[in-house]
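Coordinate analysis (summary)
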Amino acid sequence: MSERLAVKSLGFLFAAGFFGNQAVHIAIAIGGVVAIVAGVVGVFTVIRGQAFAGEAFGDIGTAGGSGAYLVGVGPLLGFVIGNVIGAGAMELIGVQRPRGRDLATGIVLGAAIGLGALFLYLTVTGSNTTGATQTILFGSIFEIASSTVPLTLVLGLIVLVTIAVLYRPLLLSSVSAEIAAARGIAVRTVGAFYLLALALTVALAAITIGTILSTALLVGPAAAALRLTKSTPRAMLYAAGIGIAAVWIGVVLAYDSDHWPPGGRTWPVSFFVVALVFCAYLLSGVPQAIHARRASARAER
Amino acid sequence: MSEQLLSVQGVDVRIGPRKILDDVSFEVAPGQFTGLIGSNGAGKTTLLRVILGLQAPSAGSVRIDGRPRSRRGAAIGYVPQKFLLDPDLPLRARDLVDLGIDGQRLGVPWPSRRRRARVEQILESVDALRFADERVGNLSGGEQQRVLIAHALVGEPKLLLLDEPLANLDISRGEEVVSLLAAIAKEHAIAVLISAHEINPLLPVMDRVVYMAAGRAASGSTEEVVRADVLSRLYGHHVDVLNVHGRVLVVAGAGSASDLVGHEIALPETGAHG
């Protein structure tokens, strides 16, 4: 009796064919990997105050992704190549200097958006790939080719290993470049490797939810996690968890949305993911607010 | 020579045509408390940067523990000028101190009871245990400073360098920090080199002084250095050294430096600690 109820409610949650669908499998796998990587790197992005650089890589990815469409390779490759070149350019212009950081990011970002505009124009007008703009900017996680999965895994692993190896020097140079340098840390090299890891992470996030929204998956879960815990490693764990939950629930809801108005078409996964991340961020403020309220109540007594 | 912990010999630093440091030489023995005194622009920070290996000298040498200064050295603990930390920096005070143990090493630190106990102990010795679990960015300037001192100490350095730790502190807070540092130096048997504008807060605890003006330095005991003739030669300009209720005032005076040979002012008894 209760078993049948459970199956029925599961059926309500997971529309028919959800578990047998290969596109869903790929979406779940890639979404999970990307959420973990974005959570871990995102915590450093928030600690270093480099959300703007993350956003820039999203826009640079637009140029890379649309360029990939033009030459007929997969979008992930385009995102990765575009972002790695972008990271190199930012480093050369002087992203490592405190004042140069926003400047370098802004200059590279502007140039990249210009290229992206050209490539998108050529792609959309030149061939029948009308979905390109939607795919690049807003992502289409259900349309990822299964051949993309190994590359995603390898890139995710590269980023996680980089962060694990750099963990201590990176954290210390994020606190104070001066203290880190006095300890013999090559602050610039560490920063450059981190920038590369960030570039790859945003490329991964872009195939999941699109270039424009990629920052949401990078910064949102990390910012929420840092409101929930003061411990850095735990924040990475929470951020990964929030990201996975947002992506997976987003995938389920998008799959279900087939039956929703206007009907016949699924809603974009990216919308759900970003909305869920935003909700998670709002909710993450609740414990703090309760704590502050209790503290002030105690003080009044 | 070999018993000196820090030996600075004939250090020059030139940036373009400007001479920031001009033939600076002094030594610090193990466990000694040394004040690096001078006004803004005297070259104190540059000298500290040379000692830390962040600035290459144009001439001269720095030896630490008898060896040439290498960039990778845990022998020096360094506390930069405060208010360096971002206001929202989401890192616990405890974690910043933990990074002081081996923050320069690659890889993820493996938590252990011993590590935790060591951090706890250092935090307690600088009276920072109360706010150990707060985020460093949310702490007051004085609290951040204690955390940074703990960060510098936890690596068990032989020499602790502090850049203007008394700037922006009121007088009683300044005294607290000085006596804390003196106690730490004694307890851990480490040498302390501390830069400051003002000599007076350091007088009760200082073993040696390095007095800087216009990139040049005079060093020795306070009795040897804080004298009108020595400081006048250093400034290249006549100064008087006044002793007011056990405090020292260095004031610009009339006449030329050569008038002052033999002119001496008795310094207060500096043995009265605390």
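Since the structure is predicted, the reported quantities are computational estimates derived from the model, not experimental observations. (Residues numbered from 1 in each chain as written. Chains lettered and ligands numbered in written order. Predicted model: local features only at pLDDT ≥ 70, side-chain atom pairs only at ≥ 80, totals over all residues.)

1. What about the overall build of chain A?
The condition is simple: Think of it this way: any DSSP run of H or I at least four residues long counts as a helix, any run of E at least two long counts as a strand, and we number them from the N terminus. Based on C-alpha atoms, the radius of gyration is set beside the globule rule, defined as 2.2 Å times the residue count to the power 0.38. Any residue surrounded by 20 or more other C-beta atoms within 10 Å of its C-beta is treated as buried, while 12 or fewer makes it exposed and the intermediate range makes it partly exposed; C-beta atoms here are placed from the backbone. Contact between residues is assigned whenever the C-beta positions, reconstructed from backbone atoms, fall within 7 Å.
Counting its regular elements, chain A contains twelve helices and zero strands. N-terminal to C-terminal, the α/β element order of chain A is α-α-α-α-α-α-α-α-α-α-α-α. Expected size for 301 residues packed as a compact globule is a radius of gyration near 19 Å; at 21 Å, chain A falls within 12% of this value. Residue burial in chain A is summarised as follows: out of 301 residues, 49% are buried. The contacts of chain A with a sequence gap of at least 6 include a subset with a gap of at least 24, amounting to 73%.

2. Here's the deal with the overall build of chain B
When helices and strands are tallied, chain B shows seven helices and twelve strands. Across the 274 residues of chain B, 43% fall into the buried class. A fraction of 65% describes how many contacts in chain B between residues 6 or more apart in sequence connect residues 24 or more apart.

3. Considering the interface of chain A and chain B
Buried accessible area, meaning the area lost when the parts come together, often serves as the stated size of an interface. Applied cut-off: Classes in brief: Ala, Val, Leu, Ile, Met, Phe, Trp, Tyr, Cys and Pro nonpolar; Asp, Glu, Lys and Arg charged; the others, Gly included, polar.
Contacts between the two partners involve 24 residues from chain A and, on the opposite side, 27 residues from chain B. Only helix H2 (22-48), helix H7 (148-175) and helix H8 (177-182) of chain A provide two or more residues apiece to the side of chain A that touches chain B. Of the residues forming the side of chain A that touches chain B, the biggest block, nine residues, is contributed by H7(A). Class assignment for the residues of the side of chain A that touches chain B results in 15 nonpolar, five polar and four charged.

4. A closer look at the nonpolar core
Defined as follows: Only buried Ala, Val, Leu, Ile, Met, Phe, Trp, Tyr and Cys residues enter a nonpolar core, and they are joined through C-beta atoms within 7 Å.
In terms of nonpolar packing, the biggest core is built from 171 residues, with A:Val41, A:Val43, A:Val273, B:Ala150, B:Leu159, B:Leu161 and B:Tyr211 touching the most fellow members. It is helix H9 (residues 187-209) of chain A that contributes the most residues to this core, 15 residues altogether. Setting aside chain neighbours within four positions, we find B:Leu161 in contact with B:Leu48, B:Ile51, B:Leu52, B:Ile76, B:Tyr78 and B:Leu193. A:Ala68, A:Tyr69, A:Ile136 and A:Leu137 belong to the second-largest nonpolar core, a separate cluster that totals five residues.

5. A few points about the confidence of the model for chain B
All names here are of chain B. Condition: Summary of the metric used: pLDDT quantifies the predictor's per-residue confidence within the range 0 to 100.
Across chain B, pLDDT averages 85, with 88% of residues at or above 70. Low pLDDT (under 50) marks residues 257-266, which in the prediction has 19 contacts with non-local residues, meaning those over four places away or in another chain. The ipTM value of the predicted complex is 0.82, and its pTM value is 0.86.

6. Considering the packing of H2(A) against helix H11 (residues 232-256) of chain A
Residues and elements named next belong to chain A. Defined as follows: Each axis is a line fitted through C-alpha atoms, and for a helix only the stretch in contact is used; angles between axes span 0 to 180 degrees, taken between their N-to-C directions. These descriptions rest on fixed angle ranges, namely under 35 degrees for roughly parallel, over 145 for roughly antiparallel, 65 to 115 for roughly perpendicular, and the rest for oblique. For any pair of crossing helices, the crossing counts as left-handed if the nearer helix is rotated counterclockwise from the farther one by less than a right angle, and right-handed if it is rotated clockwise.
As a packed pair, H2 and H11 sit with axes 7 Å apart at the nearest point and diverge in direction by 150°. As summarised for this structure, H2 and H11 are arranged roughly antiparallel, according to the angle between their axes. Every pair of crossing elements has a handedness; the one defined by H2 and H11 is right-handed. Each of Val24, Ala27, Ile28, Gly31, Gly32, Ala35, Ile36, Ala38, Gly39, Val40, Gly42 and Val43 in H2 lies in contact with H11, whose residues at this interface are Thr232, Ala235, Met236, Ala239, Ala240, Gly243, Ile244, Val247, Trp248, Val251 and Tyr255. Per-class residue counts for the contact of H2 with H11 are 17 nonpolar, six polar and no charged.

7. As for the sheet that holds strand S10 (residues 216-220) of chain B
All names here are of chain B. Heads up, the rule is: Pairing between strands is defined by DSSP: at least two bridges between the two strands are required.
Pairing is mixed in the open sheet, where six strands are placed in the order S6-S7-S8-S3-S9-S10. Of all strands in the sheet, those with a lone pairing partner are strand S6 (76-79) and S10, marking the two edges. Mean inter-strand twist for the sheet, computed between neighbouring axes without regard to direction, equals 15°. As paired strands, S6 and strand S7 (residues 159-162) are joined by four bridges and run parallel to one another.

8. Notes on the pairing of strand S1 (residues 6-15) of chain B
Residue and element names in this part refer to chain B. Relative to strand S2 (residues 18-28), S1 is paired through seven bridges, and the arrangement is antiparallel. For Ser7, the partnering residue across the bridge sits in S2 and is Glu27. Taking the residues that link successive antiparallel strands as the turn, the S1-S2 hairpin has two residues, and the phi of Gly16 there is positive, at about 65°. With five bridges joining them, S1 and strand S4 (residues 59-64) adopt antiparallel strand pairing. Paired with Leu6 across the strands is Ile64, a residue of S4.

9. Quick look at the environment of A:Leu137
Residues and elements named next belong to chain A. Tracing the chain through its elements places Leu137 in helix H6 (residues 132-138). Judged by the 21 C-beta atoms lying within 10 Å of it, Leu137 is buried. In sequence terms Leu137 and Gly184 are 47 residues apart; their C-alpha atoms lie 42 Å from each other. Leave out the neighbours within four places in its chain, and Leu137 touches Thr62, Gly210, Thr211 and Ile212.

10. Topic: the sheet that holds S2(B)
Two modes of strand pairing occur in sheets, parallel and antiparallel, and in both the strands are linked by backbone hydrogen bonds. Residues and elements named next belong to chain B. Reading across from one edge, S2-S1-S4-S5 is the order of the four strands in this open sheet, with antiparallel pairing throughout. Edge positions in the sheet fall to S2 and strand S5 (67-68), since each of these pairs with one other strand and no more. Bridge count between S4 and S5: two bridges; the pairing is antiparallel. Paired with Ile64 across the bridge in S5 is Arg67.

11. Regarding the pairing of strand S11 (residues 239-244) of chain B
The side chains of a regular strand alternate between both faces of the sheet. All names here are of chain B. Inspection of the sheet shows S11 paired to strand S12 (residues 247-252) by six bridges, in the antiparallel sense. Its bridge partner lying in S12, Val241 is registered against Val250. Taking the residues between adjacent antiparallel strands as the criterion, S11 and S12 are bridged by two residues, where His245 takes a positive phi near 50°.

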